[in-house]
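Below, each chain spelled out in residue letters.
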Amino acid sequence: MIEKKLVLKNKLGLHARAAAKLVQVAEQFKSDVKIVKDNVEADGKSILGVLLLAAPIGTELIFQVSGEDEEDAIKAIENLIEDKFGEEE
């Protein structure tokens, strides 16, 4: 299992569009993706679970990825967050 802390940098945080993009990326991989915020865990492949985290800009999220393609999955998630979900500022 890989565990990595990532900070949301996009202006609106995990709003509906960003959450949908995160779920789409997570679903590309066989690995399980869990997201933890303030001891609340969500399935990274569930749009409802991700939205319920209510994570604004600056929120620190812990991603726990486990499975055969976990390294590729965490890299893709990290790239998405670093790219601010492709949003213009």
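Since the structure is predicted, the reported quantities are computational estimates derived from the model, not experimental observations.

1. With respect to the nonpolar core
- One finds L14, L22, F63, I77 and F85 to be the most contacted residues of the largest nonpolar core, which totals 25 residues.
- Of all the secondary structure elements, the ones that give two or more residues to this core are α1 (16-27), β2 (32-37), β4 (60-66) and α3 (70-82).
- When residues of this core are assigned to their parent elements, the largest contribution, six residues, is made by α1.
- Residues within four places of L22 in sequence aside, it is in contact with L14, I35, G44, V50, F63, I77, L80 and F85.

2. Side note on the pattern of salt bridges
- One pass over the full model with this rule turns up four salt bridges.
- Between E78 and K4 there is a salt bridge, with its nearest N and O atoms 2.9 Å apart. Here E78, found in helix α3, pairs with K4, found in strand β1 (residues 2-7); they are 74 residues apart in sequence, far enough to count as distant.
- What makes E78 partly exposed here is its relative accessible area of 23%.
- Residue classification places K4 among the partly exposed positions, given a relative accessible area of 30%.
- Across the pair E82 and K9 runs a salt bridge, and its minimum N-O distance is 2.9 Å.

3. Regarding the sheet that holds β4
- Strand order across the open sheet formed by four strands is β1-β4-β2-β3, with antiparallel pairing between neighbours. On the outer flanks of this sheet lie β1 and β3 (40-43), each paired with one strand and no other. Taken pair by pair, the neighbouring strands of this sheet meet at an average axis angle of 25°, ignoring direction.
- Along the sheet, α3 contacts β1, β2 and β4; its crossing angle with β1, the most-contacted strand, is approximately 0°.

4. Focus: the UniProt feature "domain: HPr" (unreviewed entry) in the protein chain
- As annotated by UniProt and renumbered to match this structure, "domain: HPr" (unreviewed entry) occupies residues 1-88.
- End C-alpha to end C-alpha, residues 1-88 measures 33 Å, and it is 34% helix and 26% strand.

5. Quick word on α3
- For α3, spanning 13 residues, the distance from its first C-alpha to its last is 18 Å, which sits close to the expected 18 Å at 1.5 Å a residue.
- All of the buried residues in α3 are E70, A73, I74, I77, L80 and I81. Within α3, the buried residues cover an arc of 125° as seen down the axis, which keeps them to one side. Opposite the packed face of α3, turned more than 90 degrees from it, sit the exposed residues E71 and N79.
- For α3, the elements touching its buried residues are β1, α1, β2 and β4.
- Looking one or two places after α3, you find K84, whose phi comes out positive at around 55°.

Cut-off values and rules
- Residues numbered from 1 in each chain as written.
- Predicted model: local features only at pLDDT ≥ 70, side-chain atom pairs only at ≥ 80, totals over all residues.
- Heavy atoms only, no water.
- Core = buried A, V, L, I, M, F, W, Y, C linked by side-chain atoms within 4.5 Å.
- Buried < 20%, exposed > 50% of the residue type's maximum accessible area, 1.4 Å probe, protein only.
- Helix = DSSP H or I, 4+ residues; strand = E, 2+ residues; numbered from the N terminus.
- Contact = heavy atoms within 4.5 Å.
- Salt bridge = Lys/Arg side-chain N within 4 Å of Asp/Glu carboxyl O.
- Pairing = 2+ DSSP bridges.
- Axes fitted to C-alpha atoms, helices over the stretch in contact; angles between N-to-C directions.
- UniProt positions renumbered as here; feature names shortened; annotations may be inferred.
- Expected span 1.5 Å × (residues − 1).
- Arc of directions from axis to C-beta.

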